[in-house]
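# What the coordinates show
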Amino acid sequence: MSTLDISRQIPPRAKVVVEFGATSDLTARNFLMLQPACRWTIVTMQGLEAEEDSGSVESTEDRITVFHGDMAESFFEAREGFEEVDALLVRAEALEAHGADWRGCLSRLFLKLAPNGKVILETPNPSALPRLLSSLRGEEQSAAPGVQVLSDFLYAQGWDKQRTFAVRTPGDKEIEHDPKLPAFLKALQDYAGSEAVLVKERILSSAFLVEAQQKQEKDIYLYSILGETAACSRVRVTDAFAMMKTDLSVQAQSIDFDKFIGWPKTDFPTRIFLRQRMRHDNPQQARRFVDEMRRLGWLSVCEWDDSPAMTEGNPMPNHEALAQSDFLEFRACHAVQTSTEFLAKEFHVYCPVVKVFPNALEKIPPERNRSGKADQPFTVFFGAINRETEWQSLVPHLNKLANKLGDRICFKLLIRKDCFDMLDTRNKEFVGREAEYEGRYVPFEEYWEALQTADVNLLPLVATDFNRKKSDLKFIESAACGAVSLASPTIYEASIVDGLTGYICRKPEDFVKRIEELAEDRERHAMMAHEAYRYVRDHRMLSQIYEQRLAWYRELGENYEELDRMMLERCAKIKGWNDASDS
């Protein structure tokens, strides 16, 4: 019985998903965090393992419909709303239950697919470690059709001509967490030698996924070098790449800058190279880089989501080097992408092709259930990079509030340890890791988990030219996690509806005033948290906009020759560029 989570293989745009043969609602629950508007139906032939979350407003029954049945076409005929299915998942158990008739059942189900719908067929991997051991013990194995049989079936259905399909081996966390695995893999590597990587991939996956989809666009390869991986790369690059590559015409790969050794080999007609926060050292180095990139047919996009100018309030140490190199990064590329309109205006000075992709959330957890929690301490969160100055202005007022409210209030702080020590209360928790970046950073999942326990999030931001060009990411993260934002007007005034989805606080005293008010009026707090959550769920999800980004990349590829001509004209005006041609 399979409980493998395959939510990341489903196109996040999918609004209607039908899953046959599931034994758990794990995939459905995880996908609904990516696409809250999805209508998910599970058709099962036995009981379903459903994980209820008492801390959320919506139950499984509210978000997922479960029917008992099989892959018979009568399932669709008896119900409305399934004329077009965006994603069809068929688990091995459903295939096995239909015996020799599974081919006919699948053929009929394919007719229900939307024009750009996707099929994912899961079948057991006979090479998976647990299954190998089971086979050696002489235990009965699954009778579901194997990956080759399924592939042959798709070919016979004509999918090789009008559609595309792929075979994947997603890792299985249950296998990967086996404490005996590291020693086994070490021995395997010594034995298998050059084939160890392939063998490892196969034995760590409990299933093969055979995926098929209509091929409506040309193949496109997205490749990114990540110059900053502590805070920005996930929301600006890797989350979107993961969503885009659920389309089988897309291949997407990201790599840390210190691991880059060259561009991947590919025959894809459109090749987009995304440089995230990567600097060129000088015109000579930039010229060599651009020449090699053009020789291999790649189109370069510079991703940058902060102001590069040496303006008031800019804390970034590498921006002085950017200015000294005359902003080579933004001139020696085909296009620039950024996060706000303010930044777009700044980048237009260096490159005329600039696109704004506002920050959006990859996932949103189920809405928090606050009933019966009014007598619990009110939790205040603070955690934002490079806001120590703002924190220091708040601390005297927070100390007074902490002393007044006593055990009725507590604090969770992701901040430098010396700033943490400024808060004079025993009711505080240090979220960061002191040994890493002075406690200012943690892995995203740890930050996300802490934010989901907070009642309010403090977002003070000094009104500098640099800060005015930032995005409202912290607000939408807070809203998704159920924490009401108390924020400065700088950038947040354009997003927060004051008094409805958060509070705008114009001076330090306003922050503590609103904390105390919401701590006393839990009903108002719950109303504001709900409204902010609805705003993000309905308007600020990456699943709602990632296709726009993919469409832009395709458009760039269609206009490669013109964009290349424009870039070379800009480069020719860079001081020292032509001197680098023979170096």
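Heads up: these notes are all about the structure in this document. (Residues numbered from 1 in each chain as written. Predicted model: local features only at pLDDT ≥ 70, side-chain atom pairs only at ≥ 80, totals over all residues. Heavy atoms only, no water.)

Counting buried residues in strand β10 (residues 270–276) gives 6 out of 7 residues, a clear majority hidden from the surface. In terms of strand pairing, strand β8 (residues 220–226) meets β10 through 7 bridges, oriented parallel. Counted as the bridge partner of Leu222 is Ile272 from β10. In terms of strand pairing, β10 meets strand β11 (residues 299–303) through 5 bridges, oriented parallel. Residue Ile272 lies in a different strand from β11, and its bridge partner there is Leu299. Handedness of the crossover is the feature at issue here: the chain leaves β10, passes through helix α13 (residues 283–295), returns alongside β11, and the resulting connection is right-handed. (Buried < 20%, exposed > 50% of the residue type's maximum accessible area, 1.4 Å probe, protein only. Helix = DSSP H or I, 4+ residues; strand = E, 2+ residues; numbered from the N terminus. Pairing = 2+ DSSP bridges. Right-handed = clockwise from strand over helix to strand, strands pointing away.)

This next bit is on the sheet that holds strand β18 (residues 484–487). Reading across the sheet, the 6 strands line up as β16-β15-β14-β17-β18-β19 and stay open at both edges, with parallel pairing between neighbours. Edge strands, defined here as strands with exactly one partner in the open sheet, are β16 (428–430) and β19 (502–504). Strand-to-strand twist across the sheet, computed as the mean angle between neighbouring axes with direction ignored, equals 20°. Relative to the sheet, helix α21 (residues 508–520) contacts β14 (378–382), β15 (409–413), β17 (456–459), β18 and β19, its axis offset from that of β18 by approximately 160°. (Axes fitted to C-alpha atoms, helices over the stretch in contact; angles between N-to-C directions. Contact = heavy atoms within 4.5 Å.)

You can see Ser339 is positioned in the loop between β12 (335–338) and α16 (341–347). Overall, the relative accessible area of 5% leaves Ser339 in the buried class. Not counting residues within four places of it along the chain, the set of residues in contact with Ser339 comprises Arg236, Trp304, Asp305, Val356, Phe357, Pro358, Asn359 and Ser471.

Let us look at the sheet that holds β8. One open sheet holds the 6 strands; their spatial order is β9-β8-β10-β11-β12-β13, and the pairing between them is parallel. At either margin of the open sheet sits one strand with a lone partner, and together these are β9 (250–256) and β13 (354–356). Across the sheet, the axes of successive neighbouring strands diverge by a mean angle of 20°, strand direction being ignored.

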